[in-house]
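Descriptive structure summary
Here is what each chain is made of, one letter per residue.
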Amino acid sequence: QAQLVESGGGLVQPGGSLRLSCVASGSSASGNAMGWYRQAPGNQRELVALINSGAWTNYADSVKGRFTISRDNTKNTVYLQMNSLKPEDTAVYYCAVTRSILGGPLYWGPGTQVTVSS
């Protein structure tokens, strides 16, 4: 069973920035995509951004131009740089290892809270 450890969540004002990180244990990320989903209260979990080992990416339309996903394959780590944050970005963000950049979650992290509020 893979273990995903997230860090970097917190409280930020609208227009601010945060950077999320996620480290995957062992070889769980090898050959698979990694990335982020989020879930706000009362909403379904939704894809935010995914990246494969070849650096192909997939973003939700709501975050395009504001969020950037990157990956360090040597460290089994994925990052999400979030800029120009909006209150509607408030959610629990979950790191995931997926079958491809289209989705198909295999493993989940425990989640990290991101709150955008003044």
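Because the structure is a prediction, the values reported are computed rather than measured.

With that settled, consider the sheet that holds strand 7 (residues 67-72). Taken in spatial order, the 4 strands of this open sheet run 1-3-8-7, and their pairing is antiparallel. Edge positions in the sheet fall to strand 1 (4-7) and strand 7, since each of these pairs with one other strand and no more. Going from strand to strand, the sheet's axes swing by 15 degrees on average, the running direction of each strand aside. In terms of strand pairing, strand 7 meets strand 8 (residues 77-82) through 6 bridges, oriented antiparallel. Paired with S70 across the bridge in strand 8 is Y79.

Let's shift gears to the pairing of strand 10 (residues 103-108). Sheet analysis places strand 9 (residues 91-100) next to strand 10, joined by 4 bridges and oriented antiparallel. Within the sheet, the bridge partner assigned to S100 lies in strand 10 and is G103. Joining the antiparallel neighbours strand 9 and strand 10 is a turn of 2 residues.

This part is about the packing of aromatic side chains. Applying the stated criterion across every chain, the model contains 2 aromatic pairs. Between the aromatic rings of Y37 and W108, the centroid separation amounts to 5.0 Å while the plane-to-plane angle is 70 degrees, which identifies the pairing as edge-to-face. In this pair, Y37 sits in strand 4 (residues 33-39) while W108 sits in strand 10, placing the two residues 71 residues apart along the sequence. Three or more aromatic residues link up through ring pairs in this structure, and these residues are Y37, Y94 and W108. The lysine or arginine in question, R19, covers the ring of Y79, its NZ or CZ lying 4.1 Å from the ring centre. In this structure, R45 is placed above the aromatic ring of Y94, and the distance from its NZ or CZ to the ring centre is 3.7 Å.

For the coordinates displayed, the defined rule picks out 4 salt bridges. Between E46 and R38 there is a salt bridge, with its nearest N and O atoms 2.7 Å apart. With relative accessibility at 35%, the residue E46 sits in the partly exposed group. A salt bridge links D89 to R66, with the nearest nitrogen and oxygen atoms 2.8 Å apart. Here the residue D89 occupies a position in the loop between strand 8 and strand 9, and R66 occupies one in the loop between strand 6 (57-59) and strand 7, the gap between them amounting to 23 residues. Just as D89 is buried, R66 falls in that class too.

Let us look at the side chain of N32. Note that N32 resides in the loop between strand 3 (18-24) and strand 4. Residue contacts for N32: discarding those within four places in its chain leaves N52, S53, R71, V97, T98, R99 and L106.

Cut-offs and rules
Residues numbered from 1 in each chain as written. Predicted model: local features only at pLDDT ≥ 70, side-chain atom pairs only at ≥ 80, totals over all residues. Heavy atoms only, no water. Pairing = 2+ DSSP bridges. Helix = DSSP H or I, 4+ residues; strand = E, 2+ residues; numbered from the N terminus. Axes fitted to C-alpha atoms, helices over the stretch in contact; angles between N-to-C directions. Phe/Tyr/Trp six-rings, centres within 6.5 Å; stacked < 30°, edge-to-face > 60°. Lys NZ or Arg CZ within 6 Å of the ring centre and 35° of its normal. Salt bridge = Lys/Arg side-chain N within 4 Å of Asp/Glu carboxyl O. Buried < 20%, exposed > 50% of the residue type's maximum accessible area, 1.4 Å probe, protein only. Contact = heavy atoms within 4.5 Å.

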